[in-house]
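Residue-level listing of the chains:
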Amino acid sequence: MAIVWLDSTKNELTKTDWYDMVLPRTSTIFTRDEDEHTARRRLWDHALSVRNTNNIHIPRTLHHIKALHEFIDKANGEPILVNDMMAWYTFDAMGDLVYGQDFEMLKTGKWRPVVKQQQRALALLAPINDTIWIVRLAFAFAPFYGKIREFFKIIDFCDQRMAERIQSGAKKDDLASYFIEEYHALDGQRSLKERKALLSGNAVSAVIAGSDTTNPALTAVSYFLAKNPKDAEKVYQELQGIDVTDSIVLANLPHLNGVINETLRLFPPAMTINTRVTPSQGLWFDDTFIPGGIRVVAPKYTIMRSSEAFEDGASFIPERWYSRPEMVRIRAAFAPFGSGHRQCAGKHLALVQLRLVISSIVQKYILEFPPGFDAESVEKNLKDQVTCRPGPCWVVYKPRVSEMKRALDGNYSSII
Ligand code: HEM
C-alpha cells in the first residue's frame, strides 16, 4: 500500500524540497535529513507524549472548549460560519498550548489579522506547491511583496511570541518550554544562528501543524453531523450518563470514533502534502521501477475514497469502523496522520481534542443547516491548500434543552 510504503524505513525515500519552504528555519517536520529528523523528533515525541497530552495539554484545552460553547450560545440560534469558528478555536487553543498565550479570537469574535493573512498566503502557495523553488526565489528576492509578506508575518508573529516567552523567564508547562530547553541544550554543539532557526522552526511548526489540521477536521465533522442527524443522535445516545471530559472513556465510544474516522477519511486535513523523492539509484514499488530523483506522493484524499480500499468509499458510514468491518477492505489505506517514523507527532493530541470538542457539542446542541443553505457546496468547494479547506459551512446550533422544552410544550398544548 503506497501510503505505508512512502514512509517505510525499508526504503530510502526522503522528503522533497517542499520541506525547505521556511529555510533556514528547521524542525522535525521541515528537516529533510534523516539523522537530523531522528534527533529532532525525540523532543516532539516527549513533549506530545500520551502522558503529557492527558495530564498537561488537554486540561488547558477544556478552557477553550468552554469559550467555544460561549461563542455558540452568543449566536442565539443564528447560523454560524463553522470554518471561522473552528479556526478561531484551534488557533486560540494552540496559542495557549505552545506559548501559554490565548489569541482570544473566539472571545472577540474577530480574526487576528496575522492568522487570516497566513491562511490567504497558504491559498496562494497551493498551486505552486510542486515548484517550491519559485516560492523560495520569491522569499529570497521579493520578501516584502504582497502575499509573500503575509506568509512571513505569521513567522514573525511566532518569533515575537517566543521572544516574549523567553524574556518573561516564567517556567510554564507549554510546548515552548521544551523548545527553549532544546535551544539551551544545544549550546556549544550548534551555532547560535542554527539554534535560533530551530527555535523558530519548532514554534511555527507547532502553531501551523497543530491548528491548520484540527481546524478543517472540526469543520468537516460539524458538516457531517448536520448532514447526518441520525449519526449525531447515535453519538448523543452513546454520551448518556458519561463524563464528556473523560478522554479515556471517549476513546472507547464506537460511534463517536466511527464519525471521527469517517471525517478524517473523507476530508483528510493533509490531503496531499507529504511528498517524497526517490534515491539516486531509483527503487521498486511492487512491479514498477521508479528512477532516481522522482517526486512521489500517495494522495490521501484519493486513496481513502477508493473502492479498492473501502466498500462504498465515497459514503459516510461510521459503522464500518466497528460493526461492519467488511466495509474496510485495506486497513492500512486509512492513514490521515501519515504512517511510519514520519507520522504525525500530534496524533494523540489531535484525536483527544476532536473527541472532546465533538462530544461536548453533540451533548448540548442539535446541528442543522440553515434553511436554503446548499449543504453540498461544502464538499463541492473543498480545496487542497496545503491543508484541506472545506467550502463555507453554515450551521445552526439548537440547544437540546430548548428542543426538549418545545416537545414538552407541544405535549401540554395537545393535552389542554
Ligand atoms: C486532525 C489533526 C491532524 C492531522 C490529520 C495531522 C496529519 C499529519 C500528517 C499527515 C503529517 C505528516 C506530514 C508530512 O510528512 O509532510 C503530520 C506531521 C506532523 N504533525 Fe500532524 N496532524 C494533525 C494534528 C497535529 C497536531 C495537533 C500537532 C501538534 C502540534 C501536530 C504536529 C505534527 C508534527 C510536529 C508533524 C511532523 C512529524 C515529523 O515529521 O516527525 N499535528 N501531521
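- Under an unreviewed UniProt entry, the name given to the protein is Cytochrome P450, and the source organism is Talaromyces pinophilus.
- The Cofactor (unreviewed entry) comment attached to the protein in UniProt states, word for word, "heme".
- Looking at the Subcellular location (unreviewed entry) heading of the UniProt record, one finds this comment for the protein: "Membrane".

**Regarding the overall build of the protein**
- Looking only at helices and strands, one finds 17 helices and ten strands in the protein.
- In terms of overall dimensions, the protein is globule-like: its C-alpha atoms have a radius of gyration of 22 Å, near the 22 Å expected for 416 residues.
- C-alpha atoms of the protein, sized along the principal axes, occupy 80 × 55 × 40 Å.
- When contacts within the protein are restricted to residue pairs at least 6 apart in sequence, long-range pairs at least 24 apart make up 71% of them.
- If you sum the accessible surface of the protein, you get close to 19,100 Å²; carbon and sulfur atoms cover 57% of it.
- Taking the 51 positively charged and 49 negatively charged side chains of the protein as two groups, their mean positions are separated by 3 Å.

**Concerning the pairing of strand E10 (residues 394–399)**
- Here strand E2 (residues 80–81) pairs with E10 via two bridges, running antiparallel. Counted as the bridge partner of isoleucine 80 is valine 395 from E10.
- Note that strand E7 (residues 365–368) and E10 share four bridges and pair antiparallel. Counted as the bridge partner of tyrosine 365 is proline 399 from E10.

**Regarding the site of the ligand**
- The environment of the ligand is made up of 29 residues, and the closest members are Tyr19, Thr28, His37, Arg41 and Cys344.
- Lysine 15 has a polar side-chain atom sitting 3.3 Å from an oxygen atom of the ligand.
- Those elements giving two or more residues to the shell around the ligand turn out to be helix H2 (34–47), helix H10 (192–227) and helix H15 (347–364).
- Element by element, the count of residues in the shell around the ligand is highest for H10, at five residues.
- Partitioned by chemical class, the residues of the shell around the ligand number 15 nonpolar, nine polar and five charged.

**Examining the side chain of aspartate 92**
- With respect to the helices and strands, aspartate 92 occurs in helix H4 (residues 82–99).
- The buried charged residue aspartate 92 lacks any salt bridge partner; its closest oppositely charged side chain belongs to arginine 112, at an N-O distance of 6.6 Å.
- Those residues in contact with aspartate 92 that lie beyond four places of it in its chain are His64, Gln101, Asp102, Phe103, Glu104, Met105 and Leu106.

**Topic: the environment of proline 390**
- Mapped onto the fold, proline 390 is located in the loop between strand E9 (387–389) and E10.
- Residue class for proline 390 comes out buried when judged on its relative accessible area of 11%.
- In this structure, the C-alpha to C-alpha distance between proline 390 and threonine 302, residues 88 residues apart in sequence, is 16 Å.
- For proline 390, the contacting residues outside a window of four places in its chain are Asn83, Pro216, Thr219, Phe267, Val378, Asn381 and Leu382.

**As for the sheet that holds E2**
- If you trace the three strands from one edge of the open sheet to the other, you get E2-E10-E7, paired in antiparallel fashion. The open sheet has two edge strands, E2 and E7, and neither has a second partner.
- Each of E7 and E10 is contacted by H10, which is oriented at about 85° to E7, the strand it contacts most.
- Across the sheet, H15 lies against E7 and E10, angled at about 95° from E7, the strand it touches most.

**Here's the deal with the nonpolar core**
- With 125 residues, the main nonpolar core has Met85, Phe151, Phe179, Phe267, Ile358, Ile361 and Tyr397 as its most contacted residues.
- It is H10 that contributes the most residues to this core, 14 residues altogether.
- Leave out the neighbours within four places in its chain, and isoleucine 358 touches Leu218, Val221, Leu225, Leu256 and Ile260.

**Examining H4**
- Along its 18 residues, H4 runs 25 Å from first to last C-alpha, staying within 8% of the 26 Å computed at 1.5 Å per residue.
- When you tally the buried positions in H4, you get 18 out of 18 residues, the bulk of the element.
- A positive phi of about 70° marks glycine 100, the residue just after H4.

**Here's the deal with the sheet that holds strand E6 (residues 295–296)**
- An order of E1-E3-E6 is seen for the three strands of this open sheet, with the pairing classed as antiparallel. Of all strands in the sheet, those bounded by a partner on one side alone are strand E1 (14–15) and E6.
- Bridge count between E1 and strand E3 (residues 276–277): two bridges; the pairing is antiparallel. Of the residues in E3, the one forming a bridge with threonine 14 is valine 277.

Cut-off values and rules
- Residues numbered from 1 in each chain as written.
- Predicted model: local features only at pLDDT ≥ 70, side-chain atom pairs only at ≥ 80, totals over all residues.
- Heavy atoms only, no water.
- UniProt positions renumbered as here; feature names shortened; annotations may be inferred.
- Helix = DSSP H or I, 4+ residues; strand = E, 2+ residues; numbered from the N terminus.
- Rg over C-alpha atoms; globule rule 2.2 N^0.38 Å.
- Contact = heavy atoms within 4.5 Å.
- Areas by Shrake-Rupley, 256 points an atom, 1.4 Å probe, with all protein chains shown as cover.
- Lys, Arg positive; Asp, Glu negative; His and termini not counted.
- Charge placed at Lys NZ, Arg CZ, Asp CG, Glu CD.
- Pairing = 2+ DSSP bridges.
- Near = heavy atom within 4 Å.
- Polar contact = N/O pair within 3.5 Å; in protein donor to acceptor, adjacent residues only side chain to side chain.
- Nonpolar A, V, L, I, M, F, W, Y, C, P; charged D, E, K, R; others polar.
- Buried < 20%, exposed > 50% of the residue type's maximum accessible area, 1.4 Å probe, protein only.
- Salt bridge = Lys/Arg side-chain N within 4 Å of Asp/Glu carboxyl O.
- Axes fitted to C-alpha atoms, helices over the stretch in contact; angles between N-to-C directions.
- Core = buried A, V, L, I, M, F, W, Y, C linked by side-chain atoms within 4.5 Å.
- Expected span 1.5 Å × (residues − 1).

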